[in-house]
Amino acid sequence: MFTMLRRRAVSSVIPLLVVVLGVFFLARLTGDPANLYLPLSATPEMRAEFSARNGFDQPLVNQFGDYLVQVAHLDFGESLRTAQSASGAVLRAFPATLQLAGWTMLLAIVGAVVIGSLAAYRPNSATDRIASFLSSTAASVPDFWFAIMGVLVFAVTLGWLPTSGTSGAAAWVLPVTTLLIRPFGVLVQVVRGAMVSALSAPYVKVARSKGANEVRVVFGHALRNAAAPALTVAGDLAVGLVNGAVVVETIFGWPGIGKLMIDSVLQRDFAVLQAAVLLTALVIFALNILVDICHAILDPRVRQRAAA
Amino acid sequence: MLQKNNGQSDSAGSGDVPEDAGDGSGTTPAADQVVTARRKWLALLLQDRFACAAVLILIGVALCAVLGPLLIGDLATRQNLRDPGREPFSLDHGWAFVLGSDSLGRPVAARLIAAAGTTLSVAVPAVLCSLVVGSVWGMWAGFHGGWRENVSLRIADVILSFPSLLLAVVVLYVFSPSASGIVLVLAVARIPVYLRTARAESAELRSRLFMDAARTFGTSSWASIRRHVAPTVLPTLLTVAALDFCFVMLTESSLSFLGIGIQPPDVSWGLMVAQGRQELQSSWWIAVFPGLAIVVTTVSATVLAAWARLATDPGQRWRHGLRRGGRGRLRRPATGANGARQSSAAETAAVVAGAEPAHSPAPSGPEIEHAPAVPEAEAEPTPATPEAAPAPAPAPAPAPGDHASTSPATLAVDSLSVDIRTAAGPVPVVRGVSFAVRSGETLALLGESGCGKSMTAHAVAGLLDPAAEVVGGQALLEGEDLLGLGARARRRLAGPGLAIVFQDALSALNPVQTVGAQLAEPFRIHERMSRRAARARAVELMERVGIPEARSRAGAYPHQFSGGMRQRLLIAMAVALRPKVLLADEPTTALDVTVQAQIMDLLRELRSEQRMALVLITHDLGLVAEHADRVAVMYAGTVVETGPVAEVFGKPNHPYTRGLLESVPAEQHKGTRLNSIPGSPPDPRSVPSGCAFRMRCPMARDLCATHRPVLAATGAGRAAACHFGKELADA
């Protein structure tokens, strides 16, 4: 197990470096922050002073080198906008997104296991057809549109839910539902597919031939075998939640990392953007490792391969 | 005499054998085979209403995109400030305003059509780019393996680990938002998806033998990829592309919505939603309709992709024909519907009732006299028809010459029929099979693959796939009809009443549970034992079937055992609750000869130890000769001959049995050509009329084409379904 984790961590270093590098240079290509932060009437001297103060006058390679040294000392620089530490801004925004994403994935996984298993239990039955159609629709709904429709119906017309904010349980309903709908739709289909093949496997017949009731057959025997593909997809979907978070947090004014990233791109707030992306990338790698660990817990064959 | 027999059975009103025969041959029209591949696709598409609708919608969207500019001119962009925010669903101002107008007075319907063009002009090139680049790259990487594969996969990892929307935001912000910029970013972001899929599939192909062959011929790698890899990988990739089309469309609309995608005055659906958001309270329709357009288009692409996946996967195609995946209770069809087949089954049953003591209506007298040795006797109305079945398992007749003659049949299967539901209607795969087995006895169900022997066993055990269905017959376990039981009663008998050993022990054992837990399960379920007690019993069982170090091995997983040990485990699991009947479905096929012998010895020991009735399903004549007491030879879904093994093998009463025996290499045939039965077993969809074997039979005459032979007694405890069975017996 530890061999596997170590190998995983080592092989993550290069992709992480690439991500950091990419963000660093791409962000600097978005233009000179001086244009944004100094008045149009600023003199060349003021611009030079601004650049020098923020280190933008150095060659890009030097800037990157300095940045890496700083990061190694856990110093992520200062926000151009607020002059506060970038890491502080990111860490403040992060829990909001993490909570949102956590609830979303939890609900999506639980819901998908229940509905996907029901659909797979009798392939091509009415339940299956309805579940398949609804889930493929759910997977195809644009999240921003769903959010707007939610606001239109439940906030504007019915007045049941607030349009934005994070206070109170009601404020969570629309953001979580919006974020949920795509992963849920995809997961239902994956769970259904995996369960259909698991339920037609010989070991399921053997379980039935031992007199196991259907609950035991479905949840005791089939589900654990069907979990592997669903887990892989759930991991990918969790990564994709960052995309959703950008949209959802923008619409609902949710003070999370997605909104922070978009804002810092638009504001050329390099330090904050870099810190946010770096943290996101780290979380994604951690998530991938978590998925691997779950695979190993679920399947002894994976465990054996990991140990070898 | 034989013709008279059939005539009599007709006049007795029990069935229309010739009609039945004609029916069987006419089910598959020859025209079916000449349809072109393209027509076949179209036919498959037309079968699925959802897929049809999806195709029509996508064609509609494409037409809008292509013809849109001609249709609407500048309607989409011309502002009409005198007339803003017009309500939808009114034709007063022309069709363009049927979906209302926005705050600048531009008609929503016209803008939707204009946006279709923009949306497709982004999505289609983006998908094509990533499809072409990603799949070629992936096939190349997978085909060569090694560092090329590793580097490619690492690159894919890097791209995928970065949220694509954020990448698009940053890049578009750098290079100023434009349609071509979106195409580029989305194409790059999606390349890894194709790369991974193509790599996985071509790496799998790489290991196949025919690729080695191609390499030895010196075929260049690109030629190999084009000829061998691409055609195999392409269907999967196209399915991925259809799903990806949704993703690209959704991302484009998200970007446009966020203000960094399509820029005004161009218009895309996402942009329309963004514009509509500002006026949500006053005019909802501006945001609703473009969103619906996105949903409908993406759902159509998803449905089409799902259909394509189903249609290109022959293994899944049968699901199309499934109406209802019902497992469990038997649904008996109306007598009239399957009258022809049932009546022939009834006749078979009648004969078996004579030949098998378990169903003998008059339990008196010695077997030879009692059995309808003369064909005329067989045509006598017998009560053992499925419709008018008498109380099951009457007192059995003693059967002289049979070693287990004094005990009643533990399992008596009676004219069992199983259909598989397909798109082209039900296909009968088991057609009136009857056999009986007593405790302590081994009955072999012998037949070639596809003859329905496994299907018979699974039907009896209640383990048929959802597509298969029992349509008639009984399976009496000590007098209780298994096929008529409810699920709960059935479960109660599964284990202590009837158990089954599967062919492939690796797939029959749950890969993610320890073998100890799986062996303990019968005790946990039926005897409600504690985990610890059940575990102890499991270890005892493992010791009994000869697994060394059972105590420590109980915590191991199936993949950690050898094939022979796995089969032992499976047998242990089946005999855990001392079943009355053990069905062994090709228990040794996957094993080598030495292990085979050990497993068969184990089964034999357990059989006599526990006084089980053993049904051995096999295609191995040697196994039957060595281990079975009686044999039922199956062909094309029916039993063609039954009897004690030594007698049947010594003097077969059916040409098929004889053909089987002659095709076994033997000492006395040394130096001569090995006999084999010409032809191959019939397709269950088009079993020939009359006798199913007549096409391959050296004795076939005109009679065989018109009259289906039924199982008729040919001697003591013997029966054969051949018009000349008696002649063969007497010869």
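Our structure is the block above this text.
The following refers to the structure shown. Treat the numbers as computed from the prediction; the structure is a model and nothing was measured. (Residues numbered from 1 in each chain as written. Chains lettered and ligands numbered in written order. Predicted model: local features only at pLDDT ≥ 70, side-chain atom pairs only at ≥ 80, totals over all residues.)

### Focus: the overall build of chain A
Phase 1: A count of helices and strands for chain A gives 13 helices and zero strands.
Phase 2: Each helix and strand of chain A, placed in order from N terminus to C terminus, yields the pattern α-α-α-α-α-α-α-α-α-α-α-α-α.
Phase 3: Within chain A, the proportion of its 308 residues that are buried is 45%.
Phase 4: Counting contacts in chain A only where the partners sit at least 6 residues apart, residues at least 24 apart contribute 72% of the total. (Helix = DSSP H or I, 4+ residues; strand = E, 2+ residues; numbered from the N terminus. Buried ≥ 20, exposed ≤ 12 C-beta atoms within 10 Å, placed from the backbone. Contact = placed C-beta atoms within 7 Å.)

### Considering the sheet that holds strand β5 (residues 480-481) of chain B
All names here are of chain B.
Phase 1: Judged by pairing direction, the sheet is antiparallel, and its four strands sit side by side in the order β2-β1-β4-β5 without closing on themselves. The strands lining the two open edges of the sheet, one partner per strand, are β2 (425-438) and β5.
Phase 2: Two strands pair when backbone bridges link them, and strand β1 (residues 409-422) and β2 are joined in this way by eleven bridges, in the antiparallel orientation. In the sheet register, V418 faces β2, and the bridge partner there is V430. (Pairing = 2+ DSSP bridges.)

### Side note on the interface of chain A and chain B
Phase 1: Facing the 55 residues of chain A at the interface are 63 residues of chain B.
Phase 2: Sorting the residues of the side of chain A that touches chain B by element identifies α1 (2-29), α6 (126-140), α7 (143-157), α9 (202-209), α10 (214-252), α11 (257-266), α12 (270-298) and α13 (300-307) of chain A as the ones contributing at least two each.
Phase 3: A total of eight residues in the side of chain A that touches chain B trace back to one element, the largest contributor, which is α10(A).
Phase 4: Each residue belonging to the side of chain A that touches chain B can be placed in one class, and the counts come to 33 nonpolar, 15 polar and seven charged. (Nonpolar A, V, L, I, M, F, W, Y, C, P; charged D, E, K, R; others polar.)

### Examining unusual backbone geometry
All names here are of chain B.
Phase 1: The backbone of S415 sits at a positive phi, close to 40 degrees, despite the residue not being glycine.
Phase 2: With respect to the helices and strands, S415 occurs in strand β1.
Phase 3: Looking at S415, the number of C-beta atoms within 10 Å reads 28, which means it is buried.
Phase 4: Positive phi, close to 45 degrees, is recorded for E478, a residue that is not glycine.
Phase 5: Structurally, the position occupied by E478 is in the loop between β4 (468-477) and β5.

### Focus on the pairing of strand β11 (residues 712-715) of chain B
All names here are of chain B.
Phase 1: Sheet topology places β11 next to strand β12 (residues 718-720); three bridges connect them, and they run antiparallel. Looking across to β12, one finds that A712 is bridged to A720.
Phase 2: Counting the residues that bridge the hairpin from β11 to β12 gives two residues, and of these G717 lies at a positive phi of roughly 65 degrees.

### So, the environment of I182(B)
Phase 1: Of note, I182(B) is situated in helix α8 (residues 179-206).
Phase 2: The sequence separation of I182(B) and A720(B) amounts to 538 residues, and the corresponding C-alpha distance is 75 Å.

### A short note on the packing of helix α5 (residues 86-121) of chain A against α12(A)
All names here are of chain A.
Phase 1: Running from N to C, α5 and α12 cross one another at 50 degrees; their axes reach a closest spacing of 8 Å. Here α12 runs oblique to α5, going by the angle between their axes. The crossing of α5 and α12 is right-handed. Contact residues: α5 offers A86, S87, A89, V90 and F94, while α12 offers A271, V272, A275, A276 and L279. (Axes fitted to C-alpha atoms, helices over the stretch in contact; angles between N-to-C directions. Parallel < 35°, antiparallel > 145°, perpendicular 65-115°, else oblique. Left-handed = near helix turned anticlockwise from the far one by under 90°.)

### Regarding the nonpolar core
Phase 1: Counting 289 residues, the largest nonpolar core has L187(A), L583(B) and V615(B) as its most contacted members.
Phase 2: At 21 residues, α10(A) tops the list of elements feeding residues into this core.
Phase 3: With residues up to four places along the chain from it excluded, the contact list for L583(B) reads A457(B), V460(B), A461(B), L498(B), I500(B), V615(B) and I617(B). (Core = buried A, V, L, I, M, F, W, Y, C linked by C-beta atoms within 7 Å.)

### Quick notes on the environment of A201(A)
Phase 1: Turning to its location among the elements, A201(A) is positioned in the loop between α8 (170-199) and α9.
Phase 2: Taking the C-beta count within 10 Å as the criterion, A201(A) has 18 such neighbours and is therefore assigned partly exposed.
Phase 3: Spatially, the C-alpha atom of A201(A) lies 9.9 Å from that of N225(A), the residues being 24 residues apart in sequence.
Phase 4: Leaving out residues up to four positions away in the same chain, A201(A) has contacts with N225(A) and S507(B).

### Let's talk about the pairing of strand β10 (residues 638-644) of chain B
Residue and element names in this part refer to chain B.
Phase 1: The buried count for β10 comes to six of seven residues, which makes it a mostly enclosed element.
Phase 2: Counted along the chain from strand β9 (residues 630-635) to the antiparallel partner β10, the turn is two residues long, and its residue A636 has a positive phi close to 50 degrees.
Phase 3: As judged from the two bridges shared by β10 and β12, these two strands associate in the antiparallel manner. Within β12, the position partnered with E641 by the bridge is A720.

### Concerning the sheet that holds β10(B)
Residue and element names in this part refer to chain B.
Phase 1: Ordered in space as β6-β7-β8-β3-β9-β10-β12-β11, the eight strands form an open sheet in which the pairing is mixed. Whereas interior strands pair on both sides, the edge strands pair on one side only; in this sheet they are β6 (498-501) and β11. The mean inter-strand angle of the sheet, taken between neighbouring strand axes irrespective of direction, is 25 degrees.

### Side note on the packing of helix α20 (residues 515-526) of chain B against helix α21 (residues 531-544) of chain B
Residues and elements named next belong to chain B.
Phase 1: Viewed as axis vectors pointing N to C, α20 and α21 meet at an angle of 115 degrees, and their least axial separation amounts to 8 Å. Crossing geometry of α20 relative to α21 is assigned as right-handed. Between α20 and α21, the residues in contact are G516, L519, A520, F523 and R524 and A534, R535, R537, A538, L541 and M542, respectively.
Phase 2: A breakdown of the residues in the contact of α20 with α21 according to their chemical character gives seven nonpolar, one polar and three charged.

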